[in-house]
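# An overview of the molecular structure
Each chain, written out:
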Amino acid sequence: MDKLRVTGNGALHGEVTASGAKNAALPILAAALLIDEPLVIDNLPELWDVGTSKRLLRQMGVTVRDCGRNVAEVDASTISTCVAPYELVKTMRASILVLGPLVARRGQAQVSLPGGCAIGARPVNLHLMGLRALGAEITLENGFIKARAERLKGARIVFETVTVTGTENLLMAATLADGETIIENAAREPEVVDLARCLTAMGARIQGAGTSTVVIEGVPRLHGATHAVIGDRIEAGTFLVAGAMTRGRVRVKVDPNLLDTVLVKLEEAGARVATGSDWAEVDMQGRQPQAVHVHTMPHPGFPTDMQAQFMALDTVSEGVGTIRETIFENRFMHAQELMRLGARIHVAGNMAVVTGAQRLIGAPVMATDLRASAALVLAGLAADGETLVDRVYHLDRGYERIEEKLAGLGALITRVRDERAAQ
C-alpha cells in the first residue's frame, strides 16, 4: 500500500497545470452509453476512479481505446450487457451514472446499489424518483436497481434537495426521452455544465445548464463527438492552498472562473490573488495566512470538496477560523489526524473551530477519504520534520501525479511502498 513521505521545505513557488476534472470526466464517460458511435474524450485525467469507469464500461462490452496520454475513444456499439456489478460499483459510487444512459438508450439497466460512503449518506432515491417520472419501471431486487422503459417520456422533475449525480443521471436520460423534460432545483456545478456541453456536441438540446432550471428537448438519437474535459477546480484550489499555507507563490493553469469562492477566501486569508484568461495565482509574500471562516454550500457556494484543505490552512493561520459543513454529515474525520500534527481543532456536530499556530509538527497520519488525504499532504508541507501519509489510494482517486506536481513547486515529497505489503 503506497504512502507519501512529506518533509516541510519552506515556501512553494512556481506554476502547475490542473488536470481534467474527475467529477466531469466520470459522467462524460457514462454519456458514451447514449450513442452507437465513438465519443472521443480529451483532457481525461489518469485517476483511479477514471480507470474504474473504464473497467466498468469494458466489462459491459463497450470498446474503450486509449489514444495517447489523457485521450480515450469510447464506442458503445459493442455493448453486450446492461449490468453494472457490485464488485465495481462498490468501489466508486459514481458508477450509478450509467443507470440513466442505459435505460434511455438500451431500454434496460441492472445496476448494483452503491452501498455506504465514508463521508456520509448519498442516497439514490432522487435518481429513481426522476427516472420513474420519465416513465421507467424500477424495482429493487437482491441489491440491484432494475429499470426498464421502451422509451422514456418527458416530464417535470423537482428535486427536494440538490443532487449533482442525480441531475447528471436525469440530464443524460432526458436527452433521448420523447418530449420536453424540465429539471427544477438542478445542481449548478461547472461539471454539470461540462456534461451538458458534451451532450450538446452529441446532438442534445439543452437549455439552462448551470442554473437551477434545466430544460431538455428529447431527440430520437444522438451521435458521436469529441469533447475536452474542463480543468479540475478542486485540484487547482488544492495547489493554491498549498501555496498559501507555505507562504509562497503558486500559479495554476486553469480557468479562474471555476474558482470564484475559493479565490475570495484566499484573499481573506491575506493572499495577493491574480488571474488571467487561463490561470489563477496566490502570493503570500512570505506572510502567515489569516484564519478564515468557511461554510460549505451547493454551487455557487463554497465547495464541500475544498473544506478539508481550508481546515488545514486554518491550522497554520493567525487567529481562529470556523468550518461549517452542511453537505455531508461525517466529513470531519481529517480533524483527528490533523491534531496528530499539533493542530488545535474543536469539533462539535457540523462545526469545527480551528485555532491557528505558526507551524505544525510532522507525524504519521492516515487518510480517510479523498479530500482528507489532500488536507494531510498540505499539512505536511507546512510542518516541521517528516509526515508520512498512509492510505494514499484515496488520493489517487482524484489527484493525477500529485507528488510530481508538488515536487515541481519545490516540495520534498516522495511515494514509498509499505514494506509489509510488498512481502
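Just above, that's the structure.
Residues numbered from 1 in each chain as written. Predicted model: local features only at pLDDT ≥ 70, side-chain atom pairs only at ≥ 80, totals over all residues. Heavy atoms only, no water.

### Things to note about the layout of surface pockets
- One number sums up the size of the second largest pocket: a volume of about 160 Å³.
- Every residue lining the second largest pocket is counted, 14 residues in all, and those nearest its centre are Ala104, Arg105, Leu176, Pro220 and Arg221. (1 Å grid on protein atoms, 1.4 Å probe; cavity = no way out; pocket = protein on both sides within 12 Å on 5 of 7 lines; lining within 4 Å. Points joined across faces, edges and corners; volume = space filled by probe spheres on them.)

### Regarding unusual backbone geometry
- In this structure, the amide linkage connecting His299 to the following residue, Pro300, adopts the cis form with an omega of 15°.
- Positionally, Pro300 belongs in the loop between strand E18 (294-295) and helix H10 (307-315).
- One non-glycine residue with positive phi stands out, namely Gln285, at about 55°.
- Judged by its relative accessible area of 42%, Gln285 is partly exposed. (Helix = DSSP H or I, 4+ residues; strand = E, 2+ residues; numbered from the N terminus. Buried < 20%, exposed > 50% of the residue type's maximum accessible area, 1.4 Å probe, protein only.)

### So, the sheet that holds strand E20 (residues 344-348)
- The strand order E18-E19-E21-E20 describes an open sheet built from four strands, whose pairing is mixed. Looking at which strands have only one partner, the edges of the open sheet turn out to be E18 and E20.
- Relative to strand E21 (residues 351-355), E20 runs antiparallel, the two sharing five bridges. Each bridged residue has a counterpart across the sheet, and for His346 the counterpart in E21 is Val353. (Pairing = 2+ DSSP bridges.)

### So, the packing of aromatic side chains
- For the structure on display, the rule yields one aromatic pair.
- Measuring from ring centre to ring centre gives 5.1 Å for Phe302 and Phe310, while their planes differ by 90°; the resulting arrangement is edge-to-face.
- Under the relative-accessibility criterion, Phe302 is labelled buried at 5%.
- In this structure Phe310 comes out as buried when scored by relative accessible area, which is 0%.
- Positioned above the aromatic ring of Trp48 is the side chain of Arg55, whose terminal nitrogen or guanidinium carbon lies 5.0 Å from the ring centre.
- Here the guanidinium or amino end of Arg251 rests over the ring plane of Trp279, the centre of that ring lying 3.6 Å away. (Phe/Tyr/Trp six-rings, centres within 6.5 Å; stacked < 30°, edge-to-face > 60°. Lys NZ or Arg CZ within 6 Å of the ring centre and 35° of its normal.)

### Looking at the pattern of salt bridges
- Overall, the coordinates contain 28 salt bridges when judged by the stated rule.
- A salt bridge links Asp36 to Arg105; the shortest N-O distance between them is 2.3 Å. Of this pair, Asp36 sits in the loop between helix H1 (22-31) and strand E3 (38-42) while Arg105 is found in helix H4 (residues 99-106), placing the two residues 69 residues apart along the sequence.
- The exposure class assigned to Asp36 is partly exposed, which follows from its relative accessible area of 33%.
- Ionic pairing is found between Arg401 and Glu400, a salt bridge with its closest N-O pair at 3.3 Å. (Salt bridge = Lys/Arg side-chain N within 4 Å of Asp/Glu carboxyl O.)

### Description of the environment of Arg417
- Here Arg417 is to be found in strand E26 (residues 412-417).
- In this structure the C-alpha to C-alpha distance between Arg417 and Val64, which are 353 residues apart in sequence, comes to 30 Å.
- With near-sequence residues (within four places) excluded, Arg417 lies in contact with Met1 and Asp2. (Contact = heavy atoms within 4.5 Å.)

### Observations concerning empty space enclosed by the protein
- Within the structure shown, the criterion is met by one cavity of 30 Å³ or more.
- Its volume calculated, the largest cavity comes out at about 60 Å³.
- In terms of lining residues, the largest cavity is bounded by Leu26, Leu29, Ala30, Ser53, Leu56, Leu57, Met92, Ala94, Ser95, Leu97 and Val98.
- The set of elements that each furnish at least two residues to the lining of the largest cavity consists of H1 and helix H2 (48-59).
- Its residues placed into classes, the lining of the largest cavity shows nine nonpolar, two polar and no charged. (Nonpolar A, V, L, I, M, F, W, Y, C, P; charged D, E, K, R; others polar.)

### Structural notes on the sheet that holds strand E2 (residues 13-17)
- The strand order across the open sheet formed by four strands is E2-E15-E17-E16, and the pairing between neighbours is mixed. The open sheet has two edge strands with one neighbour each: E2 and strand E16 (272-275). Along the sheet, successive strands turn relative to each other by an average axial angle of 15°, direction set aside.
- Bridging between strand E15 (residues 249-253) and strand E17 (residues 279-283) involves five bridges; their strand directions are antiparallel. Within E17, the residue paired with Val250 across the bridge is Val282. (Axes fitted to C-alpha atoms, helices over the stretch in contact; angles between N-to-C directions.)

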